[in-house]
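One-letter residues, chain by chain:
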Amino acid sequence: MEAIWILLVLFLVCAGVSVYATARAVKAAKRGIDRTVHQARRSVEDTRLRARRFAQPGTAGELAELRLSLRSSMHATEQALTASAEQDRSLSESLDLFRRLSEHGRELEEELKRLERDPDKARVTALLPELRDRTQRITHSADSLRWAARDRAQRFAQDDLDALGREIDVEAGALRHWTSESEEPSGAASASSGRSASEGAAGRGPAQEPPSIGTTPPAEGYAWQKPWRKSARPENTA
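Bear in mind that the values here come from a model prediction, so they are computed numbers and not experimental data.

Visitor: Can you help me understand the overall build of the chain in this one?
Guide: Per the secondary structure count, the chain includes 4 helices and 0 strands. Tracing the chain from N to C terminus, the helices and strands come up as α-α-α-α. The buried share among the 238 residues of the chain stands at 18%. Carbon and sulfur atoms form 58% of the exposed surface of the chain, whose accessible area is close to 18,900 Å².

Right, here's the structure in full:
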């Protein structure tokens, strides 16, 4: 009975894990699809605005120019801040400021879209200076955040590269110093051993060879033979 309950619990756990993994995969796929669709719509809208800017001069073309400038600046800043914030936590405040700026940007773009369909072209033309000023202020703020984040990232990369270069120079100097010290004692030891050998050979002088076996001893005999010789008897004079 206990084995059945254990198998049932394991089955439920496996089923729960499978459902959770499936839900995560579905959400990730949905986010990927939404991101792709959003990028495709953005590309289509930007292409339409570029075409209108050249094909419709006057008020319609200028409205398209303002929308295209606003969209390009905001999109580039969003990408730069999001990419830099993953490595630099101090950019969180910059992201908060950009979110507040994005609200003004979206309001301005919605207003520009409504004015594109407004039949009163004279009134739209009268509003162009104020719209142009608002667009420039928003794009200037977005560009300032974007370039500040890029300058900060480049500065950090330059500082890291300088520090790495200094560490490499120190390590290279240490390696060269170790090589010179390791070669010097070995050379000195070789020279010292050579001098000792030559001095020892000169102090000993020529070596004396022991007498060879089978050679004829000298007439007076060797020193170790003399104590054993018997002295000759004196002749009897009687």
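After that view, the rundown keeps rolling.
Visitor: Looking at this model, I keep getting lost on the packing of aromatic side chains. Mind explaining?
Guide: For any two aromatic rings, the description comes down to two numbers: the centre-to-centre distance and the angle of the planes. Counted under the stated rule, the structure contains 0 aromatic pairs. The residue whose ring lies beneath R150 is W147, and the NZ or CZ to ring-centre distance is 5.1 Å.

Visitor: I would appreciate a short explanation of the packing of helix α2 (residues 59–85) against helix α3 (residues 92–116) in the present structure.
Guide: Helix packing geometry: the angle between the two helix axes and the distance between the axes. Their axes nearest at 10 Å, the elements α2 and α3 cross at an angle of 160°. In this view, α2 runs roughly antiparallel relative to α3, as classed from their interaxial angle. Judged by the twist between their axes, the crossing of α2 over α3 is left-handed. Listed contacts from α3 to L63, A64, L66, R67, L70, R71, M74, T77, E78, L81, T82 and A85 of α2 are S94, L95, F98, L101, S102, G105, L108, E109, L112, K113, L115 and E116. Residue composition of the contact of α2 with α3, grouped by class: 13 nonpolar, 5 polar and 6 charged.

Visitor: What exactly am I supposed to notice about the pattern of salt bridges here?
Guide: Overall, the coordinates contain 9 salt bridges when judged by the stated rule. Here R99 ties to D96 by a salt bridge, and the two come within 2.7 Å at their closest N and O atoms. With R99 and D96 both in helix α3, this residue pair falls 3 residues apart, about one helical turn. Between E130 and R134 there is a salt bridge, with the nearest N and O atoms lying 3.7 Å from each other. Of this pair, E130 and R134 are both found in helix α4 (residues 121–204), 4 residues apart, which corresponds to roughly one turn of the helix. Take R134: its relative accessible area is 23%, and that puts it in the partly exposed class.

Visitor: Where do I start with the side chain of S84 in this structure?
Guide: Looking at where S84 falls in the secondary structure, it is placed in helix α2. Only 3.0 Å separates the side chain of S84 from the backbone oxygen of A80, close enough to count as a polar contact. Dropping the residues within four chain positions of it, S84 is found in contact with L91 and A149.

Visitor: Please clarify how the layout of surface pockets should be interpreted in this entry.
Guide: Any empty space left between the atoms is revealed when a probe the size of a water molecule rolls over them. One number sums up the size of the second largest pocket: a volume of about 170 Å³. As for the second largest pocket, its lining consists of L101, H104, E107, R134, R137, I138 and S141. Elements that contribute at least two residues to the lining of the second largest pocket include exactly α3 and α4. Per-element accounting of the lining of the second largest pocket gives the leading share, 4 residues, to α4. Here the residues of the lining of the second largest pocket are counted per class, giving 2 nonpolar, 2 polar and 3 charged.

Visitor: Any chance you could explain α3 here in plain terms?
Guide: The α-helix winds at 3.6 residues per turn, so residues separated by three or four positions along the chain end up facing the same way. The end-to-end C-alpha separation of α3 is 36 Å, in line with the 36 Å expected for 25 residues at 1.5 Å each. Among the residues making up α3, those that are buried are S94, L95, F98, L101, S102, G105, L108, E109, L112, L115 and E116.

Visitor: Mind showing me how you'd approach the side chain of S94 here?
Guide: Structurally, S94 can be placed in helix α3. Setting aside its immediate chain neighbours within four residues, S94 contacts L81 and L145.

Visitor: Is there a simple way to explain the environment of V124 in this structure?
Guide: As for its placement among the helices and strands, V124 is situated in helix α4. Accessibility expressed as a relative area gives 1% for V124, which makes it buried. Residues V124 and L63, 61 residues apart in the sequence, show an inter-C-alpha distance of 9.3 Å. Excluding residues that lie within four positions of it along the chain, V124 makes contacts with T59, L63, L115 and D118.

Visitor: I keep staring at the environment of L131 and nothing clicks. Help me out?
Guide: Checked against the element boundaries, L131 lands in helix α4. With 65 residues separating them along the chain, L131 and L66 place their C-alpha atoms 8.2 Å apart. Sequence-distant contacts of L131, defined by excluding residues within four places in its chain, comprise L63, L66, L108, E111, L112 and L115.

Parameters at a glance
The residue count restarts for each chain, going from 1 along the sequence in the order it is written. Note on the predicted model: pLDDT of at least 70 is required for a residue's local features to be given, and 80 or more for side-chain atom pairs to be given and counted; whole-chain, interface and lining totals, by contrast, use all residues. Based on all heavy atoms of the structure, the side-chain values leave hydrogens and waters out of the count. Runs of E in the DSSP output that reach at least two residues are strands. Runs of H or I that reach at least four are helices, and both are numbered from the N terminus. Summary of the burial criterion: residues with accessible area below 20% of their type's maximum are buried, those above 50% are exposed, and those between are partly exposed, where the area comes from a 1.4 Å probe applied to protein chains only. Computed with a 1.4 Å probe, the accessible areas rest on the Shrake-Rupley method; for each residue, only the protein chains presented here act as cover. Between the rings of Phe, Tyr and Trp (Trp by its six-membered ring), a pair exists once the centres lie within 6.5 Å; its type follows the angle of the planes, with under 30 degrees stacked, over 60 edge-to-face, and the other angles tilted. Whether a charge sits over a ring depends on NZ of Lys or CZ of Arg being within 6 Å of the ring centre and within 35 degrees of the ring normal. The convention used is that axes are lines fitted to C-alpha atoms, helices contributing only their stretch in contact, and that angles between N-to-C directions extend from 0 to 180 degrees. Between 65 and 115 degrees an angle is taken as roughly perpendicular, under 35 as roughly parallel, over 145 as roughly antiparallel, and anywhere else as oblique. For any helix crossing, the convention is left-handed if the near helix is rotated counterclockwise from the far helix by under a right angle, and right-handed if that rotation is clockwise. The contact rule is simple, with two residues in contact once any of their heavy atoms fall within 4.5 Å. The nonpolar class holds Ala, Val, Leu, Ile, Met, Phe, Trp, Tyr, Cys and Pro. Asp, Glu, Lys and Arg form the charged class, and all remaining residues, Gly among them, are polar. Salt bridge, as used here: a side-chain nitrogen of Lys or Arg that lies within 4 Å of a carboxyl oxygen of Asp or Glu. Polar contact criterion, stated in full: a pair of N or O atoms within 3.5 Å, where within protein one must be able to donate a hydrogen and the other to accept it, and residues adjacent in sequence count only if both atoms are side-chain atoms. Both cavities and pockets are sets of points on a 1 Å grid over the protein atoms alone; in a cavity a 1.4 Å probe fits but cannot get out, in a pocket the set is open with protein on both sides within 12 Å along at least five of seven lines, and lining residues sit with an atom within 4 Å of a point. Grid points are joined across faces, edges and corners, and a volume is the space filled by probe spheres set on the points. Helix span, as expected, comes to 1.5 Å for every residue beyond the first.

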